[in-house]
Amino acid sequence: MLWTLKPVWLYAAIGGFLFTVVLHTVASRLAPKVPFSWVGMLTAGRVSGAILLRIRDILVVLLRSLLVFLVLLYPARPFLYRGKPPSEIWVKDVPPSTVRQIMETWGKFATVRFTPNPSPKGKVALVGAWRNVPTTEYEIWSPSSDWEVSDLSVSKEGVRLAIMNTGRGRWFHIIVENLGKIVLLDSFYVNSGSKGGYSATLTLSGPVRIELEGRTLYDYAHETVGRGRVVATGLEREVWEAVLSSLNLEASVGVDTILEEEGSLNFLTDCGKLKAEGLEVRPAVVEFVFRDSGCVFLSGKPVLLDGKGQVVGVEYGNRYLFGFHPARTGWAFTPDFLKFVPLLSRSFFKLYAAVGDTLRFPEPVEIRGGTRLCCTETFVPKAAGVYEVYKDGRPIGVIVANLRTAVDIPPPPKPLWPYILYAFLTVLLLEMLLTFSPALRRG
């Protein structure tokens, strides 16, 4: 079934088609006709030629109307989808890899929300641990398993996790292993259709292995606690505080402001402020998952490119400057964000990844763990586990790689707008052949 992202333009396209047909019909009938008696003698016996000319005129009108329809259809952004597609997707308590998959496949067709909308427009798809349902039509994109780990936190003081159980109520058996020794054997119960939490106070250090109902999870307990500072408001502040806390990073972050601290991360869309710092920038549309107005850098040491390959982040004056907002562009909700930010931290970092991900480092590093690589700028973990990262012989961080957890996400719609240009050119060629062909003009 055909759907569009902007239905108003679809109505405009249909109206433009009908208007063009009516315009040609009325114009031909209102045109003054001058009778010449001798024309009948010249055209006598050429009825078949007149019929061909009439058919040609009708085809030309239809093709011209179709050209108008295609021009106005392009901004409607049509696509094909079996069934009724959701206009909003609500995401809660799912791994970052799932968020990225949803945004990559559905980001162009639906609004991805992380908080409920009291007045949704259109159908809503629910992903994760939602207890309240929308006031409009909705569907549930369930996990591939009937239970998922929605949150996991490991520190030197202990373990905390949460499970979303969509199946029957059950006991979950947990085993925690640290430094080759089992330090915890326990069980906890989670009711059917609810989210259950578990926490244990332990003394942990280094790599941690957790077995939960036959599923193995890896994490790492920091020896020290990072000290982060965030100067931002709203969602941007919430995102950064959660990241610095969960990754245990020491970093200073400013959004819509420029901090003076060495190594600080500063995100601005005001190109004038960036120019005042001595940088060459130009206004541009920055694209990650979403598009938003921002700035592209023409000077400074590049450290980050957006989805179109533009330089949107640089190292300059012992600080990092970026010309966009992480939350508004959707970059803050992707695994690439969680892989990139720790590399700019001044503290020992913990970088989460899924098996098969490609990790890129700004400088050559040495990887130790299940495998050993020296002087590499890219690393793809092929097995779950904890990998240590060294630079110049000293440890600078760890990579925690786990197997991917999946959500049953339906196939994305098939966009039709890339083909509209080819259809337009084809119709235009046919119209020109009918209009300017000498054989057809003579009938």
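Above this text is the structure in question.
Please read these numbers as outputs of a predicted model, since none were measured by experiment.

## Remarks on the sheet that holds strand β8 (residues 158-165)
Spatial ordering of the open sheet is given by β7-β8-β11, a layout of three strands whose pairing is antiparallel. Among the strands making up the open sheet, the edge pair consists of β7 (147-155) and β11 (194-201). Averaged over all pairs of adjacent strands, the angle between strand axes in this sheet comes to 10 degrees, irrespective of strand direction. As paired strands, β7 and β8 are joined by eight bridges and run antiparallel to one another.

## Structural notes on the layout of surface pockets
In this model, the second largest pocket occupies a volume close to 1,300 Å³. Taken together, 40 residues form the lining of the second largest pocket, with Phe340, Leu343, Leu344, Arg360 and Pro362 sitting closest to its centre. Secondary-structure elements contributing two or more residues to the lining of the second largest pocket are α4 (96-106), β19 (301-305), α7 (335-340), β22 (349-354), β23 (359-368) and β26 (394-402). Take the lining of the second largest pocket: its biggest share by element is six residues, from β23. In terms of residue class, the lining of the second largest pocket is built from 21 nonpolar, six polar and 13 charged.

## Notes on the sheet that holds strand β14 (residues 229-231)
The strand order across the open sheet built from six strands is β14-β15-β16-β21-β20-β19, with neighbouring strands paired in mixed fashion. A strand with exactly one partner marks an edge of an open sheet, and here the two such strands are β14 and β19. Within this sheet the neighbouring strands show an average axis-to-axis angle of 20 degrees, counted without direction. Note that strand β15 (residues 252-255) and strand β16 (residues 265-267) share three bridges and pair parallel. Bridge pairing links Gly254 to Asn266 in β16. Across the sheet, helix α5 (residues 234-247) lies against β14, β15 and β16, angled at about 170 degrees from β14, the strand it touches most.

## Section: a nonpolar patch on the surface
A contiguous nonpolar patch, built from Ile51, Leu52, Ile55, Ile58, Leu59 and Leu62 and spanning about 530 Å² of accessible area, is present on the exposed surface. Residue Ile51 is classed as partly exposed on the basis of its relative accessible area of 47%.

## A closer look at the environment of Pro78
The residue Pro78 is located in strand β2 (residues 78-80) in this model. Assessed through its relative accessible area of 2%, Pro78 is described here as buried. Each C-alpha atom of the pair Pro78 and Leu416 lies 5.6 Å from the other, and the pair is 338 residues apart in sequence.

Thresholds, definitions, all that
- Chains are numbered independently. Their residues run from 1 in the order of the written sequence.
- Given that this is a predicted model, residues contribute local features only at a pLDDT of at least 70 and side-chain atom pairs are listed and counted only at 80 or more, while totals for whole chains, interfaces and linings are drawn from all residues.
- Heavy atoms from the whole structure form the basis of all side-chain values; hydrogens and water molecules are not counted.
- Pairs of strands are assigned from DSSP output, requiring at least two bridges between the strands.
- Runs of E in the DSSP output that reach at least two residues are strands. Runs of H or I that reach at least four are helices, and both are numbered from the N terminus.
- Only the contacting stretch of a helix is used when fitting its axis, a line to C-alpha atoms as for every element, and angles between N-to-C directions run 0 to 180 degrees.
- Cavity means a closed set of points on a 1 Å grid over the protein atoms alone, one where a 1.4 Å probe fits but cannot get out, pocket means an open set with protein on both sides within 12 Å along at least 5 of 7 lines, and lining means a residue has an atom within 4 Å of a point.
- Grid points are joined across faces, edges and corners, and a volume is the space filled by probe spheres set on the points.
- All amino acids are sorted into three groups, where Ala, Val, Leu, Ile, Met, Phe, Trp, Tyr, Cys and Pro are nonpolar, Asp, Glu, Lys and Arg are charged, and the leftover types, Gly among them, are polar.
- The contact criterion used is simple: two residues touch if any of their non-hydrogen atoms lie within 4.5 Å.
- A patch consists of residues exposed above 30% relative accessible area that lack any salt bridge, with like charges linked at up to 9 Å and nonpolar side chains (Val, Leu, Ile, Met, Phe, Trp, Tyr) linked at up to 5 Å.
- Note on areas: these come from Shrake-Rupley sampling with a 1.4 Å probe, and a residue is covered only by the protein chains present in the view.
- One speaks of a salt bridge when a side-chain nitrogen belonging to Lys or Arg is within 4 Å of a carboxyl oxygen belonging to Asp or Glu.
- Three labels apply to residues, based on accessible area from a 1.4 Å probe with only protein chains included: buried if under 20% of the type maximum, exposed if over 50%, partly exposed otherwise in between.

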